[in-house]
Amino acid sequence: MPNFCAAPNCTRKSTQSDLAFFRFPRDPERCRLWVENCRRADLEAKTSDQLNKHYRLCAKHFDPAMVCKTSPYRTVLKDTAIPTIFDLTSHLKNPHSRHRKRIKELTEEDIRRIKERRLASSIEQLHSKKDIEATEGQDAAEEEIKLSTEEKDFRDYLRSLFEIVVMLGKQNIPLETNVPEGVERDPSNFQALLEYRINAGDEALRRRFEATAVNVEYLSASQQSQLLEVCEGTVREEVLMEVRESRFFSLVTGDLVEFAGERHLPLFLRFVDQSNALREEFLDFLPFEGDEASLVEKLETQVTDGWGLRMEDCRGQAHVATGTFATKMKAVAVGLMGKYPMAMHTPCSTCALNIHLANSLPFPSVQVVMATLRKIDVFFKQSPSLQAELEKAISVYHQENDEKAAELKEACSSNWTEQHNVFELTVDLLESLLLCMDCIRDNENVKFPDAVTGDAYSIAETLADFEFIVTLVILKNALSFTRAFGKNLQGEALDVFFAANSLTAVLHSLNEVFDNIEVYHEFWFEEAVNLAGTMEIPVKVPRLFLRKHRSADTGEIPPETYFKEYVTVPVIRGVIDEVDDIFSQSNLKALKCLSLVPAIMGQMKFNTSEENHADVYCKDLPNPDTLPAELHCWKIKWKHRSKEVRLPSTIHETLQLSDVKFFPNVNCFLKVLTTLPVLMLEDSNSSETSRKRLQTYLSDTPIKHRCKSLAVLHINSHVKHDLDVMVDKYCRLYPEDEPEHGVEAEISTVVI
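Residues numbered from 1 in each chain as written. Predicted model: local features only at pLDDT ≥ 70, side-chain atom pairs only at ≥ 80, totals over all residues. Heavy atoms only, no water.

- The protein chain is annotated in an unreviewed UniProt entry as 52 kDa repressor of the inhibitor of the protein kinase isoform X1 of Salmo salar.

Section: helix α12 (residues 384–397)
Stage number 1. Over its 14 residues, α12 runs 20 Å from end to end, which matches the ideal 20 Å to within 8%, given 1.5 Å per residue.
Stage number 2. Listed as buried for α12 are Leu 386, Gln 387, Glu 389, Leu 390, Ala 393 and Ile 394. Down the axis of α12, the buried side of the element spans an arc of 155°, and every buried residue falls inside it. Residues of α12 that are exposed and point more than 90 degrees away from the buried face comprise Pro 384 and Lys 392.
Stage number 3. As for α12, its buried residues are in contact with α11 (364–380), α13 (402–411), α14 (422–442) and α15 (450–463). (Helix = DSSP H or I, 4+ residues; strand = E, 2+ residues; numbered from the N terminus. Expected span 1.5 Å × (residues − 1). Buried < 20%, exposed > 50% of the residue type's maximum accessible area, 1.4 Å probe, protein only. Arc of directions from axis to C-beta. Contact = heavy atoms within 4.5 Å.)

So, the confidence of the model for the protein chain
Stage number 1. Here the protein chain averages 82 in pLDDT, and 84% of its residues register 70 or above.
Stage number 2. Confidence over residues 139–145 falls short of pLDDT 50; this stretch has zero contacts with residues more than four positions distant or in other chains.
Stage number 3. Counted against residues more than four places away or in other chains, residues 737–752, with its pLDDT under 50, gives 38 contacts. (pLDDT = per-residue confidence, 0-100.)

Some remarks on the packing of aromatic side chains
Stage number 1. As enumerated under the stated definition, the model contains 22 aromatic pairs in all.
Stage number 2. Here Phe 466 and Phe 563 contribute two aromatic rings whose centre-to-centre distance is 5.4 Å and whose plane-to-plane angle is 75°, an arrangement assigned as edge-to-face. Of this pair, Phe 466 sits in helix α16 (residues 466–478) while Phe 563 sits in helix α21 (residues 559–582), placing them 97 residues apart in sequence. Assigned by exposure class, Phe 466 and Phe 563 land together as buried.
Stage number 3. For the pair Tyr 520 and Trp 524, a centre-to-centre distance of 5.9 Å together with 55° between the ring planes defines the contact as tilted. Here the residue Tyr 520 and the residue Trp 524 both occupy positions in helix α19 (residues 517–534), the gap between them amounting to four residues, near one helical turn.
Stage number 4. Taking relative accessible area as the criterion, Tyr 520 reaches 24% and is therefore assigned partly exposed.
Stage number 5. Taking the relative accessible area as the measure of exposure, Trp 524 reaches 6% and is therefore buried. (Phe/Tyr/Trp six-rings, centres within 6.5 Å; stacked < 30°, edge-to-face > 60°.)

Thoughts on the environment of Met 726
Stage number 1. In this structure, Met 726 sits in helix α29 (residues 723–733).
Stage number 2. In sequence terms Met 726 and Val 235 are 491 residues apart; their C-alpha atoms lie 9.3 Å from each other.
Stage number 3. With near-sequence residues (within four places) excluded, Met 726 lies in contact with Phe 162, Val 166, Val 230, Cys 231, Thr 234, Val 235 and His 721.

Focus: helix α22 (residues 585–592)
Stage number 1. Taken together, the buried positions of α22 are Asn 587, Leu 588, Ala 590 and Leu 591. In a view along the axis of α22, the buried residues occupy a sector of 160°, so they form one face of it.
Stage number 2. Looking at the packing, one finds that the buried side of α22 touches β10 (344–345), α17 (480–489), α18 (493–515), α21 and α26 (664–674).

Details of the packing of α17 against α18
Any two packed helices are characterised by how steeply their axes cross, that is the angle between the axes, and by the distance between the axes.
Stage number 1. In contact at an axis separation of 9 Å, α17 and α18 are set at 165° when each is read in the N-to-C sense. With respect to α18, the element α17 is oriented roughly antiparallel. Judged by the twist between their axes, the crossing of α17 over α18 is left-handed. Judged by residue contacts, Phe 481, Thr 482, Phe 485, Asn 488 and Leu 489 of α17 engage Asp 495, Val 496, Ala 499, Ser 502, Leu 503, Val 506, Ser 509, Leu 510 and Val 513 from α18.
Stage number 2. In terms of residue class, the contact of α17 with α18 is built from nine nonpolar, four polar and one charged. (Axes fitted to C-alpha atoms, helices over the stretch in contact; angles between N-to-C directions. Parallel < 35°, antiparallel > 145°, perpendicular 65-115°, else oblique. Left-handed = near helix turned anticlockwise from the far one by under 90°. Nonpolar A, V, L, I, M, F, W, Y, C, P; charged D, E, K, R; others polar.)

Pasting the structure below:
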């Protein structure tokens, strides 16, 4: 979202100018002077905090002596800067023009007070200019003097350190080397790179370490931690600056990640950047500790205090979770919505809806199925020879049906355990999977290592259990009613729009199944029995249930009755409840407003009713009172377009239109709507999404080599970084580490 200058008769905005834009100061007195000089009567009633958050002035309204460029990327104001350069008369040449920024008429007392203050300000700025002119010729010399002492050496030294840390993060190189216990330790990767740079001619590092003993570490563990903390914070702040500019965002979490024996929750933010592109960026790992209420408080604190954002601007939340962790995150989502109702809980576009629904069911047999599917996925990704073994087993079982065999081989060649039809595929592949695992664990030709055969044995034992088979068949049939609906949710905008309008039919079908559960369960159980029969697996009640109920002497329970009571009924009821929960009326209203996309309007013959659903984001709009008229004009614009004009088919395409700015409510509405996690990212098939970079990092990095800060740097390697900013930040945060405070003493304390 661009910054617009708040000065009267100034039309500059940040996206059309290289000028710096400055927030109104938080200090109430300075802020009052800014408002007074602007002559904006409408700003006088606003607090300094409100002005600081929502209003800016461009650099053209400040005396050049008050503006300082501290680096190629950073321009700041002096602490005493007051805007004094304004155009307060050009609007008089066109008295009939409509002005958003009304100029306040001044009384004689106002004029007298402003003259006195301007005189004082002019004297101060005159002195400032004279000081600048007097020292202009000396600046270079003074800077050289300033930077030629120990401080310059220290800053150059820090710059080299940060350059090494950033390189380690981007290349995913751990700080420590992998040395078994009892073996003589080589220098760490960090120290080895320091030595390499010193030998390559880095004078700043050489001067720092030339007197250091060769058997000591160049940096203590605490200093390395400080460097990592500053690097991580600087990179994160670059992303957060863009999020603050866009204002609205959604919070997305991933599956748990382990660091140093502790579990952490990956946090992503989804927002629309200044180029009107939807992005989902990784921000941090949150320690996963405590109960649900504690996690809600931690998330809230992280977003507000840690990142400087407002949870009131959060418009969506999605949590990709598995097992018992999924139940906990669902409670966290409910807790956040209780505090912030606009933070709608939705599915995540990166996870198939049927997989999300199955993961959310807190039943042991269902979680065994889901855990086994994840284990199978990891198993076959270990080696192409394992995939070849599965294809061989498929050929054996379907030797009389080449077409079916080819179809299954093609399906299992990709990430089939993450697809919408994963349960149908697993049922079709079950016999082949069991044969494959049996062949691998037999290992007749000793092709596979013991670890692989052990995994194959574990998976085979699970696949050959009737409880697994019947649960899998029930999931396949129960979730067949949501499969097409979920696939449309991950489709184009038109597919999502029609999915939102079909939810009533989906729920009707599920409730019809629940009302006739006896009939449906009979067919599903028979299918499971037939499948188990072909695999020679006995039909029986789980051993654990029999052991628990043996002492109760309740009599023998038939398998069909047991699985109806303990699997089929809970699964159907759980699916209905979860669909109801994640597709509330507010969620559906928002999704139905996708009819603002011109292609959907055209598909509906321009007979859409956005105004009936637009109240969901009414408070976020710049001019909600004009929304009905604006929606009418928006519809007319596309209805009466010329024939050669193609209707944009996505929100992204619509936001890229040059004239969408003339429809501020529509523009804002689409930006807020597209942040909902349920909508697909434009580049979701690209390997460059932050979620895929996280997955790559986790798969490429052993747990013992994982470092939270380096992970943040690696996943955000595409984010620009400024080494000078890192150096400045380090000097502010750790002044005691500067040379005059004896940093050399700390450096030489850790012996290898």
